[in-house]
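Here's the letter readout for the chains.
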Amino acid sequence: MIVRPADVALYVSTHSLKLRYAGMAFMSVFVAAFALVSLFAWQEHLHVRVFKDIEFSLEMAAWLAGAFGLAAACLAWRAGNGIERPITDLIHSAERFGQGDYTGKVAVQRHDQLGALQQALECMRHKLRQTTISRNYLNNVLNGMTDAVFVTAPDGAIRIANQAALNLLETTEEALLGGNIGAILEESERARFDVVRAAQESRESTVHTRTGTSVPVWLTGSPLPSDDPQFQGTIFVARNITDQKRNERHIKYLARYDALTRVPNRMQFQHLLQQAIARSHRASSGLALLYIDLDRFKEINDTFGHSAGDRALEVLAERLSRNLPKDAALGRLAGDEFAIFVEGLPRNADNRGPIAHLARTFLTETARAFQIDKHELFLTASIGIALAPRDAENGIDLIRNADAAMYYSKQNGGDTFAFYSPEMNAAAVQRLVLKSKLRRALERNEFIIHYQPKVDLRDGRVIGAEALLRWRLPGHGDISPAQFIPLAEETGLILEIGEWVLDRVCQDYSRLQLTVEDPGRISLNLSLRQLREASFILRCRSVFRRHGVSPSLFELEITETTLMADAKRTVKLLDELRAMGLHLSIDDFGTGYSSLSALQQFPIGTLKIDQSFVRGLGEDAGDATIVRTIIDMGRSMGMDVIAEGIESQRHLDYLREHGCHYGQGKLFGLAEPVETLTALLERQAQGKPPFAALLPTARPASLSA
């Protein structure tokens with residue numbers, strides 16, 4: 001409600017009311033004085049004594065009239081002033097109201113018509129103040145909203161816009177109000193924008209800011225019903241969905257691309273591969289798929305952490321991308337597995353030569369050193385290759401066949417490639433079957449422990465044995481550890497299997513002690529995964545305590561590669577194991593090419609010469625030199641040296657001649673159940689060394705190195 005001072009001034013004029021009230025007062029007093037003088041004059045003329053005690057004369061009448069006139073003037077002036085002040089206050093109050101100031105109260109000081117006017121004006125002030133508070137509250141609510149709000153007339157003209165709307169459009173209220181709501185939209189949307197239809201729907205739209213930026217919004221309209229035309233119109237709410245659109249794009253990207261390496265993921269790669277196969281079919285051309293898997297990549301994660309592994313994958317993806325030929329695509333299928341397809345190959349030509357050259361390039365790039373967190377890491381890869389349409393005509397079969405060829409390469413030692421052949425699928429299927437059955441092997445009690453005796457080469461006595469795990473799979477016979485141990489490493493089952501082995505060996509040893517006084521020392525193989533397990537030492541203590549056997553009766557065999565994977569951390573762990581009383585041995589020594597200074601930091605008591613060197617004795621001068629060097633080095637370091645893989649008398653004679661005191665191998669028997677070891681130990685307890693007959697009484701002749 002708007003109050004204009006001019007309206008009040010038209011109704012009540014201070015000057016006119018003052019004159020009117022003064023004139024009325026003067027005339028009233030003047031008439032009363034004139035009547036009184038006339039009464040006295042009439043009394044003198046008629047000689048009637050109306051006021052018997054008052055003597056009256058004309059001079060006195062004149063003085064009396066003057067006094068009454070003066071009194072009338074004073075009364076008139078006072079009456080005028082009495083009406084001027086409240087009217088002036090009313091005018092000032094009306095002016096404040098017109099300026100929007102409703103804080104000062106209107107004082108009600110009279111009980112006449114002016115008092116009624118003061119009361120009416122005070123009531124009007126109170127109502128206006130309440131209305132103003134409600135309007136300010138509504139404005140605060142609108143401006144506190146994060147969504148842009150526009151209130152428009154029926155024709156779309158903007159009447160009200162909150163602060164969020166101004167911020168969204170990067171404009172001012174003066175520039176926005178009065179304009180059409182359709183003008184804020186992108187030019188491509190303005191032509192088809194209809195206010196009436198927009199007032200009934202919600203839809204995605206794009207607004208154009210004052211600086212030329214396009215902002216995606218979710219625009220919702222709602223009509224404002226009212227009987228008063230001036231309040232009819234539509235309220236529009238525009239929500240900025242920039243972040244939502246960005247997240248949607250990111251989600252779509254992640255659905256198709258690997259977040260770490262930024263190359264197509266498995267789903268997207270398969271989609272691209274199927275499209276490429278379709279193009280090759282139409283063009284009567286060929287296509288090659290290379291399946292790449294890193295060798296022993298798990299050791300990088302276990303040793304240096306997953307961040308180092310992730311960085312290595314990033315670097316590898318960059319290297320592979322730089323060496324991609326034309327019409328080729330790279331994808332990450334899983335973990336450390338990548339795939340590359342090359343299309344546009346001549347269909348009737350032998351493409352194995354160019355593809356083999358490309359595979360060698362990728363192997364070379366993979367073998368280059370990785371600088372990760374101040375560490376120099378070296379990796380190799382296994383590559384399987386399948387050709388279309390020769391090996392498969394669809395993407396799924398092509399990937400499966402290339403995968404089978406990759407595992408064939410990995411079984412051949414890695415750092416190589418192989419082309420697919422149908423025979424590889426049978427091996428891949430068998431491997432998958434073994435992996436699934438391995439998960440139930442512990443539950444079904446399918447594992448067994450065999451023991452291969454360790455012999456003192458000086459007198460033929462059994463000094464202990466090596467515990468070897470075997471998997472007796474129903475319907476398949478015994479499964480070699482070379483087949484299932486890598487699967488156990490991959491699946492993580494090696495931890496459970498390792499604890500089972502230790503428990504069973506301790507159980508067998510407890511029974512051996514009931515039969516013979518000194519069963520010797522039993523050795524067990526320890527994997528890198530077990531060594532990296534935080535609770536490994538606690539588990540070992542628990543098993544030894546449960547069976548009541550001393551840790552000093554056992555020896556853990558660790559490969560040279562495992563020792564050097566993370567030397568600083570490994571030394572600490574081995575020191576703890578040594579403090580428990582466990583003996584420690586380096587298995588397959590000579591295959592890891594470690595320096596002598598590196599090995600001296602470990603608390604190792606035994607070196608085991610790898611069987612690949614022992615088998616070459618008498619046939620390979622290099623193997624003989626290596627064996628002799630290891631024996632001399634072990635003796636100089638105060639270590640026991642044991643040779644594995646002794647299969648002939650010739651091997652035995654050479655080792656004895658060069659001072660190797662201990663050995664094991666087929667010459668002394670294969671790994672057998674614990675009952676066979678018990679029989680050997682019982683015979684030995686009777687004073688008959690089981691293998692004394694193999695030792696010649698005369699000194700054997702030297703073998704040429």
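Residues numbered from 1 in each chain as written. Predicted model: local features only at pLDDT ≥ 70, side-chain atom pairs only at ≥ 80, totals over all residues. Heavy atoms only, no water.

### Details of the overall build of the protein chain
- Looking only at helices and strands, the protein chain features 26 helices and 21 strands.
- Counting the 705 residues in the protein chain, one finds 44% classified as buried.
- Total accessible area on the protein chain stands at roughly 37,300 Å², and carbon and sulfur atoms take up 54% of it. (Helix = DSSP H or I, 4+ residues; strand = E, 2+ residues; numbered from the N terminus. Buried < 20%, exposed > 50% of the residue type's maximum accessible area, 1.4 Å probe, protein only. Areas by Shrake-Rupley, 256 points an atom, 1.4 Å probe, with all protein chains shown as cover.)

### Concerning the sheet that holds strand β7 (residues 328–334)
- Spatial ordering of the open sheet is given by β7-β8-β6-β11-β12, a layout of 5 strands whose pairing is mixed. The open sheet has two edge strands with one neighbour each: β7 and β12 (416–419). For this sheet, the mean inter-axis angle between neighbouring strands, taken without regard to orientation, is 20°.
- By the bridge criterion, 8 bridges tie strand β6 (residues 285–294) to strand β11 (residues 381–388) in an arrangement that is antiparallel. Across the sheet, the residue bridging to leucine 289 is alanine 386, located in β11. (Pairing = 2+ DSSP bridges. Axes fitted to C-alpha atoms, helices over the stretch in contact; angles between N-to-C directions.)

### Details of the environment of glycine 634
- With respect to the helices and strands, glycine 634 occurs in helix α24 (residues 621–636).
- With relative accessibility at 0%, the residue glycine 634 sits in the buried group.

### Focus: the pattern of salt bridges
- In the structure shown here, the tally under the stated rule is 27 salt bridges.
- Of the charged contacts, one joins lysine 608 and glutamate 466 as a salt bridge, the two residues approaching to 3.1 Å between their closest N and O atoms. Here lysine 608, found in strand β19 (residues 606–609), pairs with glutamate 466, found in strand β14 (residues 462–473); they are 142 residues apart in sequence, far enough to count as distant.
- Taking relative accessible area as the criterion, lysine 608 reaches 0% and is therefore assigned buried.
- Each of the salt bridges in this network shares a partner with another, and the network as a whole consists of Lys454, Glu466, Arg521, Glu555, Glu557, Lys608 and Glu644. (Salt bridge = Lys/Arg side-chain N within 4 Å of Asp/Glu carboxyl O.)

### Regarding unusual backbone geometry
- Looking along the chain, the bond that leaves alanine 388 and enters proline 389 is cis, with omega of 10°.
- Within the secondary structure layout, proline 389 lies in the loop between β11 and α14 (395–411).
- Even without a glycine there, the phi angle at serine 284 is positive, about 55°.

### Things to note about the packing of aromatic side chains
- In total, this model carries 11 aromatic pairs according to the counting rule given.
- Considering the side-chain rings of phenylalanine 269 and phenylalanine 341, the 5.5 Å spacing of their centres and the 50° angle between planes classify their relative orientation as tilted. Of this pair, phenylalanine 269 sits in helix α10 (residues 266–283) while phenylalanine 341 sits in strand β8 (residues 337–346); the two residues are 72 residues apart in sequence, bridging distant segments of the chain. For the pair shown, phenylalanine 269 and phenylalanine 341 are each scored as buried.
- Plain terms: the ring middles of phenylalanine 447 and tryptophan 471 are 6.1 Å apart, the flat faces sit at 45° to each other, and that makes the pair tilted. One end of the pair, phenylalanine 447, is in strand β13 (residues 447–456); the other, tryptophan 471, is in strand β14, and 24 residues separate them in sequence.
- Of the residues examined, phenylalanine 447 reaches a relative accessible area of 2% and is grouped as buried. (Phe/Tyr/Trp six-rings, centres within 6.5 Å; stacked < 30°, edge-to-face > 60°.)

### Regarding the environment of leucine 219
- Within the fold, leucine 219 resides in strand β4 (residues 214–224).
- Relative accessible area serves as the criterion here: at 5%, leucine 219 is assigned to the buried category.
- Taking the C-alpha atoms as reference points, leucine 219 and arginine 203, separated by 16 residues in sequence, lie 5.5 Å from one another.

### Here we look at the packing of α14 against helix α15 (residues 423–441)
- Packing of α14 against α15 brings their axes to within 9 Å, and their N-to-C directions diverge by 80°. Classified by the interaxial angle, the pair formed by α14 and α15 is roughly perpendicular. Contact with α14, carried on its side by Arg400, Asn401, Ala404, Ala405, Tyr407, Tyr408 and Gln411, involves Met424, Asn425, Ala428 and Arg431 of α15 and no other residues of that element.
- Split by residue class, the contact of α14 with α15 holds 6 nonpolar, 3 polar and 2 charged. (Parallel < 35°, antiparallel > 145°, perpendicular 65-115°, else oblique. Contact = heavy atoms within 4.5 Å. Nonpolar A, V, L, I, M, F, W, Y, C, P; charged D, E, K, R; others polar.)

### Some remarks on α10
- With 18 residues, α10 ought to run about 26 Å at 1.5 Å a step, and its terminal C-alpha atoms sit 25 Å apart, in line with that.
- The set of residues buried in α10 consists of Gln268, Phe269, Leu273, Ala276, Ile277 and Ser280.
- The secondary structure elements touched by the buried residues of α10 are α9 (242–256), β6, β7, β8 and α14.
- One or two steps after α10, the chain reaches serine 284, where phi turns positive at roughly 55°. (Expected span 1.5 Å × (residues − 1).)

### Re the side chain of glutamate 555
- Tracing the chain through its elements places glutamate 555 in strand β17 (residues 554–559).
- A polar atom in the side chain of glutamate 555 sits 3.3 Å from the side chain of lysine 454. (Polar contact = N/O pair within 3.5 Å; in protein donor to acceptor, adjacent residues only side chain to side chain.)

### What about the sheet that holds strand β5 (residues 233–240)?
- Spatial ordering of the open sheet is given by β2-β1-β5-β4-β3, a layout of 5 strands whose pairing is antiparallel. The sheet is open, and its two borders are formed by β2 (158–161) and β3 (202–208), each paired with just one other strand. Neighbour to neighbour, the strand axes of the sheet diverge by 30° on average, direction disregarded.
- Where strand β1 (residues 148–152) lies against β5, 5 bridges are found, and the strand directions are antiparallel. Pairing of alanine 148 across the sheet is with alanine 238, part of β5.

### A short note on α14
- Compared with an ideal rise of 1.5 Å per residue, which puts 17 residues at 24 Å, α14 spans 24 Å between its outermost C-alpha atoms and is within 8% of the ideal.
- Among the residues making up α14, those that are buried are Gly395, Leu398, Ile399, Asn401, Ala402, Ala404, Ala405, Met406, Tyr407 and Ser409.
- Sitting at the head of α14, asparagine 394 places a side-chain oxygen 3.2 Å from the backbone nitrogen of isoleucine 396.
- Glycine 413 sits one or two residues past α14 and shows a positive phi near 105°.

### So, the nonpolar core
- Residues Phe554, Leu577 and Leu655 are the most contacted members of the largest nonpolar core, which totals 80 residues.
- It is helix α17 (residues 494–515) that contributes the most residues to this core, 10 residues altogether.
- Setting aside residues no more than four positions away along its own chain, leucine 577 makes contact with Leu531, Phe536, Ile537, Leu556, Leu582 and Leu584.
- Membership of the second largest hydrophobic core comes to 35 residues, among which are Ile300, Ala312, Val342 and Leu387. (Core = buried A, V, L, I, M, F, W, Y, C linked by side-chain atoms within 4.5 Å.)

### Overview of the pairing of β14
- Most of β14 sits inside the fold, with 9 of its 12 residues counted as buried.
- Bridge analysis of β13 against β14 gives 9 bridges, and the strand direction is antiparallel. Its bridge partner being in β14, tyrosine 451 is matched across the sheet by alanine 467.
- In this structure, the hairpin formed by β13 and β14 is closed by a connection of 5 residues, where glycine 460 is found at a positive phi of approximately 80°.
- Pairing of β14 with strand β16 (residues 521–526), which is carried by 3 bridges, proceeds in the parallel orientation. Counted as the bridge partner of glutamate 466 is serine 523 from β16.
- The sheet contact formed by β14 and strand β15 (residues 477–479) spans 3 bridges and is antiparallel. Across the sheet, residue leucine 473 finds its bridge partner in β15, namely glycine 477.

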